[in-house]
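Structure at a glance
Residue-level listing of the chains:
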Amino acid sequence: MDRLSSHRATKEVVQKHNFKFSKSLGQNFLIDDNVIDRILAGARLSEGDRIIEVGPGIGTLTREMGKVADKVVAVEIDKTLIPILKETLEDLNNVEVVNQDILKVDVEELVKEKLDGGPVKLVANLPYYITTPIVMKFLEEDIPVTDIVVMVQKEVADRMNAGPGTKDYGALSVAVQYYCDTEIVAKAPRHMFVPQPNVDSTVIGLHVREERKYPVDSEEIFFKTVKASFGQRRKTLLNSLGGLGFLTKDQIKEALNEANIDEKRRGETLSIEEFATLANVINSKVP
Ligand code: SAM
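All of these numbers come straight from a predicted model, not from anything done at the bench.

Remarks on the overall build of the protein
Looking only at helices and strands, the protein features 12 helices and nine strands. Over its C-alpha atoms, taken along the principal directions, the protein stretches across nearly 70 × 40 × 30 Å. Burial statistics for the protein: of 287 residues in total, 41% are counted as buried. Within the protein, residue pairs in contact and separated by at least 24 positions form 66% of the contacts whose partners lie at least 6 positions apart.

What follows is the structure in structure tokens.
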């Protein structure tokens, strides 16, 4: 079977199975060969790779990954797609489809059971309504993931990739860049999907570092500090850090001073390194 990524091939499969697209499941299928190739290149896909895909749809990207990788496990929530995938992936015996909600899957267990314990890459055209929970699940849980190459809404990719002092920089930028080096892999305007969504997309590559670049004494305090700092974007750090709830204003002043950060600065100007330094000072003052 040829590629499924032309509009014609996708339409044929959809019509043959009388498939009804679900808007609430974020079903917009990719119909652009070039973007598929860019995703494979961005993931540096090679024959030893073990891949997890979230939301294979009719198997467009799945097929191309199955042709190259060692094994692909594709988790799809929509049971009406399962018989379709059975047919479109028929000739690839290294691809396994799991009919589940990715947010309910114990991915660590799945990697042990079906992917030889990893390491794995997450490569997917994600359903937009749960992009951030999926990406954060893979980063925060004990999953041996080396690379995440995913199609997301353009604005989300911009936020994940943003640096300090820019309008897109926020808690999501810091959370992602705490773990990963980020890279914009490809742009995918809305006309490259059926049905056409009302947003444009971007493929972003998140390459997980083996070692933390900014070591912190407590990840919990680090993320609380980041959240409080961005909680009220217009406020100075001296004020917004009050949101932490466990330090007095004097202690916050002291912490900012010790971390060498001007108390009048705003959270959106702090680099991840500065957040790490500040969080470590704050951690030393936790009552
Ligand atoms: N990979 C296909 C492509 O590129 O054409 C389809 C991508 S489509 C944007 C998102 C896919 O994710 C759909 O197939 C949808 O059914 C599936 N999906 C939505 N929510 C999901 C969830 N919670 N767990 C697993 N799959 C989900």
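Picking up after the structure, the text goes on.
A closer look at unusual backbone geometry
Residue proline 119 follows glycine 118 across a cis peptide bond; omega there is 0°. Along the chain, proline 119 falls in the loop between α5 (107-114) and β5 (120-125). Residue proline 195 follows valine 194 across a cis peptide bond; omega there is -15°. With respect to the secondary-structure elements, proline 195 resides in the loop between β8 (193-194) and β9 (201-208). Although it is not a glycine, asparagine 18 sits at a positive phi angle of roughly 50°. You will see that asparagine 260, though not glycine, has its phi angle at about 65°, which is positive. Mapped onto the secondary structure, asparagine 260 falls in the loop between α11 (249-258) and α12 (272-284). In this structure asparagine 260 comes out as exposed when scored by C-beta crowding, with 10 C-beta atoms within 10 Å.

Some words on the pairing of β9
With respect to burial, β9 is a largely interior element, six of its eight residues being buried. Note that strand β6 (residues 145-153) and β9 share seven bridges and pair antiparallel. From the neighbouring strand, valine 150 faces β9, where its bridge partner is isoleucine 204. Bridge analysis of strand β7 (residues 180-188) against β9 gives eight bridges, and the strand direction is antiparallel. Across the sheet, residue aspartate 181 finds its bridge partner in β9, namely histidine 207.

Overview of the UniProt feature "domain: Ribosomal RNA adenine methylase transferase N-terminal" (unreviewed entry) in the protein
UniProt records the feature "domain: Ribosomal RNA adenine methylase transferase N-terminal" (unreviewed entry) for residues 35-210 in the present numbering. Span residues 35-210 is 34% helix and 27% strand, its end C-alpha atoms 28 Å apart.

Focus on the packing of helix α9 (residues 219-231) against α12
Running from N to C, α9 and α12 point in directions that differ by 115°, and their axes come no closer than 9 Å. It follows from the interaxial angle that α9 and α12 lie roughly perpendicular. Handedness of the crossing formed by α9 with α12: right-handed. Contacts from Ile221, Phe222, Thr225 and Val226 in α9 reach Phe275, Ala276, Leu278, Ala279, Ile282 and Asn283 in α12. Each residue belonging to the contact of α9 with α12 can be placed in one class, and the counts come to eight nonpolar, two polar and no charged.

Analysis parameters
- Residues numbered from 1 in each chain as written.
- Predicted model: local features only at pLDDT ≥ 70, side-chain atom pairs only at ≥ 80, totals over all residues.
- Helix = DSSP H or I, 4+ residues; strand = E, 2+ residues; numbered from the N terminus.
- Buried ≥ 20, exposed ≤ 12 C-beta atoms within 10 Å, placed from the backbone.
- Contact = placed C-beta atoms within 7 Å.
- Pairing = 2+ DSSP bridges.
- UniProt positions renumbered as here; feature names shortened; annotations may be inferred.
- Axes fitted to C-alpha atoms, helices over the stretch in contact; angles between N-to-C directions.
- Parallel < 35°, antiparallel > 145°, perpendicular 65-115°, else oblique.
- Left-handed = near helix turned anticlockwise from the far one by under 90°.
- Nonpolar A, V, L, I, M, F, W, Y, C, P; charged D, E, K, R; others polar.

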